[in-house]
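# Commentary on secondary and tertiary structure
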Protein chains: 2
Amino acid sequence: MATNRDVARLAGVSPATVSRVLNDSGYVAPDVRDRVQRAIAELNYVPNRLARGLRKQRFAQIACVLPSIRNPFYHEILLGIQEAGLARGYTFSLFHRIAKKEEYLKVILGGFYDGIIFLSPFEVEKVYNIAEIGEVLPTVVYDDRGHPFSVPHVYVNLRETMYTNVTKLIEQGHRGILFLGYEFAVETDNPRYLGYMDAMREHGLKVLPEYLQFIADFDDTLSVGYKRMTTVLQQRIPFTAVAASNDLLAIGAMRALQQAGVRIPEDVSVVGVDDIEMARLVTPALSTARVPKRQIGTRLMELLLGTICGDEVTSSTIEVRTSYVERESTGPSATGTQLTQASHASAGVDAMDRTEKMRGA
Amino acid sequence: MATNRDVARLAGVSPATVSRVLNDSGYVAPDVRDRVQRAIAELNYVPNRLARGLRKQRFAQIACVLPSIRNPFYHEILLGIQEAGLARGYTFSLFHRIAKKEEYLKVILGGFYDGIIFLSPFEVEKVYNIAEIGEVLPTVVYDDRGHPFSVPHVYVNLRETMYTNVTKLIEQGHRGILFLGYEFAVETDNPRYLGYMDAMREHGLKVLPEYLQFIADFDDTLSVGYKRMTTVLQQRIPFTAVAASNDLLAIGAMRALQQAGVRIPEDVSVVGVDDIEMARLVTPALSTARVPKRQIGTRLMELLLGTICGDEVTSSTIEVRTSYVERESTGPSATGTQLTQASHASAGVDAMDRTEKMRGA
DNA sequence: CTCCGATGTGAAATCGAAACCACACCGGAC
DNA sequence: GTCCGGTGTGGTTTCGATTTCACATCGGAG
């Protein structure tokens, strides 16, 4: 690889002048600039980002920390982030569950990154204090828990979103509505759960304990929803609708239901959250809440660039809004409960065996 | 951020000794080692990767170049890559279509990366010569075209895979089999197409021009398959099976078929390639060819590490094998053609309207 | 007792670019 | 004619780590 010096030698100038041409700083005579540029082209010179980064204390690289690379929800956010960042020459590194939690932040703080973007950092927060990280390195967060953050923060009110989803089901006559979602250490960390409870309470509906299907271990596999719903079906819980915490869970649940012969939405309605593209491609198409993923990404990057450049640590919060999208997986509740129960009965024993195996694994 | 010097000062030694402790190189007295380690802990010192990289000419960072971040197929490969790499402290940057082709390789070659992994680099090759890149920087490739590569290379014979898929359909009595896939500049770049043609020819089946559904513009959206199949349905092409080039296309196609009232597999069989997790979660579950994605990833990383460490450029090729997975989306061909045609007719106008809308968006 | 290799440590050079400082030239204002 | 700010360029230092070289000490072999 050619260096600064090589170019300088070839152009008959000093390395300082080469640097000036490259960075468009200071005064350079037109003919000299030309000579340098020709030399750069001839040697195929690309400045070494490490050296530049070391000197500038700016590396044009951003770390994105996210729970899972498998959830398409995050892809769209990432695309938004990159769109906003690549134009300015930023590159991106991804860190997700596979990286050992105790290790990767050491790596990140090791001076390789201009900033960090945390997407849904609930896992991260078990180990690290984001406020502290924010003091060392420009940091922004996407989160749905409504926590106050000391760093800039994009927020989507999923409590409200879930409330709307469940209310739509209730309005269609559903009473036995399952909550399907992840379990958090603290109730207040679970806006989707809270929204579900809000809606049920407000409409005077009883929440049976069996309705609350919390998935404890974080498993970023696409089939967690399927596994859980398969278990649920063996337990003969009477329900006519499922309010899932995200589309992947909903799609998995739909699969389990359909496999057991339950018709959607005739017997059971299913609703999700996120509106990933796959939601439109499954049959029946999934009713869900649209979250402006792309927009979240660009907003995050804008916030981060703001923090990196303008040195003020403005602890701004941007809220984005969701909208309910009705498709085919929801419908009025008929005599749903009975039908569902019947189906369970026929699939009972087989299904039981399968679940026991899954639990063991 | 604390530096080398700070630690040295606190421990009462020279920076050279700190470095020795950190890298476990040379001789260090046990008590001194202890003092240094305490100082490191106290200052919360993390070595600056840029400085280290600059000096060592090794940066412990890998660039992954892939066509799309949206296709789950690549996620599993990425997980395999990272699994094999993170243990040794490597971090990863992702580059995909969103990055301007002309730009990103400049970035990559700018000395930030120890190596490049190209996943399905057909797009890349239009602009760059991978052999040349391989001479500058350790490079490995995953590809399915059976091209000879001058760099280490993981290969999966998708021509054979597609041949098997189509043969299975033929054995089930299908004759009118659609090929749904991407269009490449050159025929030989399209192993899936070639495998399809092999199977059809070998069984003496005629390939009507309408059977070949090439998607020209690369569009990494999940619904390309849906869009194309919607168009196909309006054209009343007689067919009883669809051999898609990957699972996403297959899932999209299934959606279009189901939306038009076509039953799968009773009226039309659909088969994919990749075996992404979603293939098991759609209804009916998708028959497909399992590609060992995780394994491809680990193999790639092993090859790359080999190239980075052992300086020999062993142009090794590793071939991984696929296996056919029969699920629910395929079945014997009945009087399929008639049924399908009938369905088209009844759904014709509606489908048309919907498609037009999608196009507009 | 001397010599030598193993052990242990520090000063200084180095990686490649950017920033800082110094200097030189030129034209116009006073 | 002198002074001064704008223009243009080069030498040197710096970023933070590793690495090389040089040097000191020590124990055992000859």
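Here is what the cut-offs are and how they apply
- Residues numbered from 1 in each chain as written.
- Chains lettered and ligands numbered in written order.
- Predicted model: local features only at pLDDT ≥ 70, side-chain atom pairs only at ≥ 80, totals over all residues.
- Heavy atoms only, no water.
- Near = heavy atom within 4 Å.
- Polar contact = N/O pair within 3.5 Å; in protein donor to acceptor, adjacent residues only side chain to side chain.
- Helix = DSSP H or I, 4+ residues; strand = E, 2+ residues; numbered from the N terminus.
- Buried < 20%, exposed > 50% of the residue type's maximum accessible area, 1.4 Å probe, protein only.
- Contact = heavy atoms within 4.5 Å.
- Arc of directions from axis to C-beta.
- Salt bridge = Lys/Arg side-chain N within 4 Å of Asp/Glu carboxyl O.
- Axes fitted to C-alpha atoms, helices over the stretch in contact; angles between N-to-C directions.
- Parallel < 35°, antiparallel > 145°, perpendicular 65-115°, else oblique.
- Left-handed = near helix turned anticlockwise from the far one by under 90°.
- Domains from an automatic or database assignment.
- Pairing = 2+ DSSP bridges.

## What to know about the protein's contact with DNA strand C
The environment of DNA strand C is formed by 25 residues, the closest being Asn4(A), Arg52(A), Thr17(B), Tyr27(B) and Ala29(B). Here the atoms of DNA strand C within 4 Å of the protein split so that 59% fall in sugar or phosphate, with bases taking the remainder. At a separation of 3.1 Å, a phosphate oxygen of DNA strand C approaches a polar side-chain atom of Ser19(A). In the environment of DNA strand C, a base oxygen lies 2.9 Å from a nitrogen or oxygen atom belonging to the side chain of Arg55(B). Taken together, the elements giving at least two residues each to the surface near DNA strand C come down to helix H2 (15-23) and helix H4 (49-56) of chain A together with helix H2 (15-23) and helix H4 (49-56) of chain B.

## Some details on the environment of Arg327(B)
Residues and elements named next belong to chain B. With respect to the element layout, Arg327 can be found in the loop between strand S12 (323-325) and helix H15 (336-360). On the basis of relative accessibility, which here comes to 17%, the residue Arg327 falls in the buried class. Distance in space between the C-alpha atoms of Arg327 and Pro209 is 29 Å, their sequence separation being 118 residues. If we ignore the near neighbours within four places in the chain, the residues touching Arg327 are Asp275, Ala279, Arg280, Ala285, Leu286, Ser287, Thr288 and Arg290. Within the structure, Arg327 has its side chain in polar contact with the backbone oxygen of Leu286 (distance 3.0 Å).

## Quick look at helix H1 (residues 4-11) of chain B
Residue and element names in this part refer to chain B. Those residues of H1 that fall on the buried side of the exposure criterion are Val7, Ala8 and Ala11. Projection of H1 onto a plane perpendicular to its axis shows the buried side chains occupying an angular sector of 100°, all on one side. For H1, the exposed residues lying more than 90 degrees away from the buried face are Arg5 and Arg9. At its buried positions, H1 is contacted by H2 and helix H3 (30-43).

## Let's talk about the pattern of salt bridges
Side-chain pairs of opposite charge can arise where the charged atoms are in close proximity. As enumerated under the stated definition, the model contains 42 salt bridges over all chains in all. For Asp144(A), the salt bridge is made with Arg192(A), and the minimal N-O distance between the two is 3.2 Å. Residue Asp144(A) is located in the loop between strand S4 (139-143) and strand S5 (153-156), and its partner Arg192(A) is located in helix H10 (residues 191-202); the two are separated by 48 residues in the primary sequence. Each member of the pair, Asp144(A) as well as Arg192(A), is classed as buried. Here Asp267(B) makes a salt bridge to Arg263(B), at a shortest N to O gap of 3.0 Å. Using a relative accessible area of 3% as the deciding quantity, one classes Asp267(B) as buried. The class of Arg263(B) is partly exposed, set by a relative accessible area of 43%. Each of Glu125(A), Asp143(A), Arg145(A) and Asp189(A) takes part in a single network of salt bridges with overlapping partners.

## Some points on the packing of helix H1 (residues 4-11) of chain A against helix H3 (residues 30-43) of chain A
Residues and elements named next belong to chain A. Orientation of H1 relative to H3, taken along the N-to-C sense of each, is 125°, at an axis distance of 9 Å. In this view, H1 runs oblique relative to H3, as classed from their interaxial angle. The way H1 lies across H3 gives a crossing that is right-handed. Of the residues in H3, those touching H1 at Asp6, Val7, Leu10 and Ala11 are Arg35, Val36, Ala39, Ile40, Glu42 and Leu43.

## Overview of the domain arrangement of chain A
Examined at the domain level, chain A breaks down into domain 1 (4-47), domain 2 (61-156 + 293-321) and domain 3 (158-290 + 331-360). The gap between the C-alpha centroids of domain 1 of chain A and domain 2 of chain A is 37 Å.

## Description of the sheet that holds strand S6 (residues 177-182) of chain A
Residues and elements named next belong to chain A. A sheet is described by the order of its strands in space; here four strands give the open sequence S7-S6-S8-S9, paired in parallel fashion. Edge strands, defined here as strands with exactly one partner in the open sheet, are strand S7 (212-215) and strand S9 (269-271). The average angle at which neighbouring strand axes cross in this sheet is 15°, direction not considered. Note: S6 against strand S8 (residues 241-244), four bridges, orientation parallel. Bridged to Leu180 within S8 is Ala244. On top of the sheet, H10 reaches S6 and S7; it is set at about 165° to S6, its chief contact.

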